[in-house]
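Coordinate analysis (summary)
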Number of protein chains: 2
Amino acid sequence: MAQHWKTPAGRALRADGLRVADLDTSARPGFRGGKKAGQELLAERSAVLAGLQEKLYANGRSGDTRSVLLVLQGMDTAGKGGIVRHVIGSVDPQGVDHAAFGVPTGQEKKHHFLWRIRKELPRGGQLGVFDRSHYEDVLVARVHNLVPEDVWQKRYDEINRFERKLAEAGTTLIKVAMFISLDEQKKRLRQRLERPDKYWKFNPADIDERGYWPDYQQAYQDLLDRTSTDDAPWYVLPADAKWYARLAVTELLIEALEGLNLQWPPATFDPDTELRRLDSA
Amino acid sequence: MAQHWKTPAGRALRADGLRVADLDTSARPGFRGGKKAGQELLAERSAVLAGLQEKLYANGRSGDTRSVLLVLQGMDTAGKGGIVRHVIGSVDPQGVDHAAFGVPTGQEKKHHFLWRIRKELPRGGQLGVFDRSHYEDVLVARVHNLVPEDVWQKRYDEINRFERKLAEAGTTLIKVAMFISLDEQKKRLRQRLERPDKYWKFNPADIDERGYWPDYQQAYQDLLDRTSTDDAPWYVLPADAKWYARLAVTELLIEALEGLNLQWPPATFDPDTELRRLDSA
């Protein structure tokens, strides 16, 4: 089924040189095939992802300090939660460290913006998932002037240094910026307003935020230009088609895990001796 | 398919008056039907569980402080990890707070035995899962004399008080003790020794622990007799048949969630006003 990808997701979605304003959010970079083919492939690839994740976890349990961290960013309704549910949901919950970052609490505001992030970093062997992240501090913080410009301007370099250290310490970062069109967002917000079982996902402020769309686009552009590094590249994900977004993130995770060349941890005991002990125990 | 249960799992597995030494670990209390029927039913009931969990999460996001906490105890290879993977794995990872409690670290040993437990309690709206728990402190701690008897003897009452407070604060506790036979354990340990992809799950100490089987049985008996309360009942789960164990825990979780009578959170805004605002945004 891999023949559906004419370019691997990791290459097709690389942010380098990309202009956010020109992005076709309904595109499916690298993939040839429609929704049905995509969904069938997702089922298949989810099993591959689960197998790789188990190996990462096994190595973590055996002392390997490496980890993988998926960072999800995107406007409201872009589908971050759906990625967690449908992609991360396919792997063993024991190996997942999930954290969502909302409006900072009073205590969090008193600290450096990376303080709350550091507390949630994945342990060795874990697949970490950030639903929003430290990048909110150069997105909403910038668009709404929550801090002076000289403060948020410095954050890009701080983030790069922070992520370089993370990478050096063995964390493979996969940063995914999900983009939908203004129309697609309207459709998704409308659904939340028309279905009582979706009311809880709706916040009137989400509508106000639409007025800042161009500001966010600019903030995302700068973020991509300034924080997509070799240590921690950004992937730009057109996300109007949910099935494509889920499949693409699955592929990104598979590529990252395959890059770790994980083997099953060797025995730290002699299996034959232990089998004999077991027989008489 | 519910007709497969002639007695609801919550009633069939209640610990009251049960003798651990007499337990048939291959039984399937309350269930009539074999493995195939059980697996089909599990697929169906997993979807029900996922729907209820989403409602719990939605309420938590809307300020409801109630939560559910599944506590899993059992000897090595009893299948605790399998429950996490196959039962908890069917719900949205965003709503799961998972914690595994191993041998206490140096820092943990300096604190009261409930210290590390309190840090991992589920937040409002979350489904917490403890893979081992504070009950290790009246199991391994007792069997291996890690603390003097007068210390562990006091812990039963401490635990009851702790759990009563948790229940009063809105946490529904579901405590599940998984039991397998000594023979079934031998079979499962052998598999870990015969398959290189399972070596990482094996620890030579697991074989030594088999020598303490009667002591653990006695420690489990006292635990059930002394800490199965109305606030926080124990369920005794025969776990030789993995499919039955997974199905039964799924049912216990469904019963607990249904008991909360969860509704979708009401709108805190006027949907029609917001729809009009959306149309012009």
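Model, not experiment: these values are computed from the prediction. (Residues numbered from 1 in each chain as written. Chains lettered and ligands numbered in written order. Predicted model: local features only at pLDDT ≥ 70, side-chain atom pairs only at ≥ 80, totals over all residues. Heavy atoms only, no water.)

Our next topic: the overall build of chain A. Of the regular secondary structure elements, chain A holds 12 helices and five strands. Expected size for 281 residues packed as a compact globule is a radius of gyration near 19 Å; at 20 Å, chain A falls within 12% of this value. For the C-alpha atoms alone, the extent of chain A along its principal axes is close to 70 × 45 × 40 Å. Per-residue burial for chain A yields a buried fraction of 55% across its 281 residues. If you take every contact in chain A between residues at least 6 apart in sequence, the share linking residues at least 24 apart comes to 82%. Total accessible area on chain A is roughly 12,400 Å²; 47% of this is exposed by carbon and sulfur atoms. In chain A, 42 side chains carry a positive charge and 41 a negative one; their mean positions are 3 Å apart. (Helix = DSSP H or I, 4+ residues; strand = E, 2+ residues; numbered from the N terminus. Rg over C-alpha atoms; globule rule 2.2 N^0.38 Å. Buried < 20%, exposed > 50% of the residue type's maximum accessible area, 1.4 Å probe, protein only. Contact = heavy atoms within 4.5 Å. Areas by Shrake-Rupley, 256 points an atom, 1.4 Å probe, with all protein chains shown as cover. Lys, Arg positive; Asp, Glu negative; His and termini not counted. Charge placed at Lys NZ, Arg CZ, Asp CG, Glu CD.)

This part takes up the pattern of salt bridges. For the structure on display, the rule yields 40 salt bridges over all chains. Two residues, R116(B) and E108(B), come together in a salt bridge whose shortest N-O distance is 3.1 Å. With a shortest N-O distance of 2.8 Å, R188(B) and E184(B) are connected by a salt bridge. Residue R188(B) and its partner E184(B) are located together in helix α8 (residues 182-194), separated by four residues, close to a single helical turn. For the pair shown, R188(B) and E184(B) are each scored as buried. One continuous salt-bridge network, built from bridges that share partners, spans D76(A), R132(A) and E136(A). (Salt bridge = Lys/Arg side-chain N within 4 Å of Asp/Glu carboxyl O.)

Residues and elements named next belong to chain B. For helix α7 (residues 149-168), built from 20 residues, the straight-helix expectation of 28 Å at 1.5 Å per residue is met to within 8% by its first-to-last C-alpha distance of 30 Å. In the structure, α7 departs most strongly from a straight axis at Y156, where the bend amounts to approximately 30°. Among all positions in α7, only W152, R155, Y156, I159, N160, F162, E163 and L166 are buried. Buried residues along α7 sit against α5 (115-118), α6 (140-143), β4 (171-179) and α10 (213-227). Phi turns positive one or two residues past the end of α7, at G170, with a value near 105°. (Expected span 1.5 Å × (residues − 1). Bend = angle between axes of the 7 residues up to and from the residue.)

Superposition of chain A onto chain B requires a rotation of 180° combined with a translation of 0.0 Å along the rotation axis, giving an RMSD of 0.0 Å. Read as a symmetry element, the transformation amounts to a two-fold axis. Interface overlap between copies: 100% of the residues of chain A at the interface are likewise at the interface in chain B, consistent with a symmetric, same-surface contact. (Least-squares fit on C-alpha atoms with pLDDT ≥ 70 in both.)

Below, the discussion takes up the packing of helix α2 (residues 35-61) of chain A against helix α11 (residues 242-259) of chain A. Residue and element names in this part refer to chain A. Relative to each other, α2 and α11 sit at 30°, their axes nearing to 9 Å. The pairing of α2 with α11 is recorded here as roughly parallel in orientation. When the axes of α2 and α11 are compared, the crossing they make is left-handed. The residues of α11 that touch α2, namely those facing K35, G38, Q39, L41, L42, R45, S46, V48, L49, L52, Q53 and L56, are W243, R246, L247, T250, E251, L253, I254, L257 and E258. (Axes fitted to C-alpha atoms, helices over the stretch in contact; angles between N-to-C directions. Parallel < 35°, antiparallel > 145°, perpendicular 65-115°, else oblique. Left-handed = near helix turned anticlockwise from the far one by under 90°.)

The next point concerns the sheet that holds strand β2 (residues 96-100) of chain B. Residues and elements named next belong to chain B. Spatial strand order, β2-β3-β1-β4-β5: five strands in an open sheet with parallel pairing. On the outer flanks of this sheet lie β2 and β5 (234-238), each paired with one strand and no other. Neighbour to neighbour, the strand axes of the sheet diverge by 20° on average, direction disregarded. The pairing of β2 with strand β3 (residues 127-131) spans five bridges and is classified as parallel. Bridge pairing links D97 to G128 in β3. (Pairing = 2+ DSSP bridges.)

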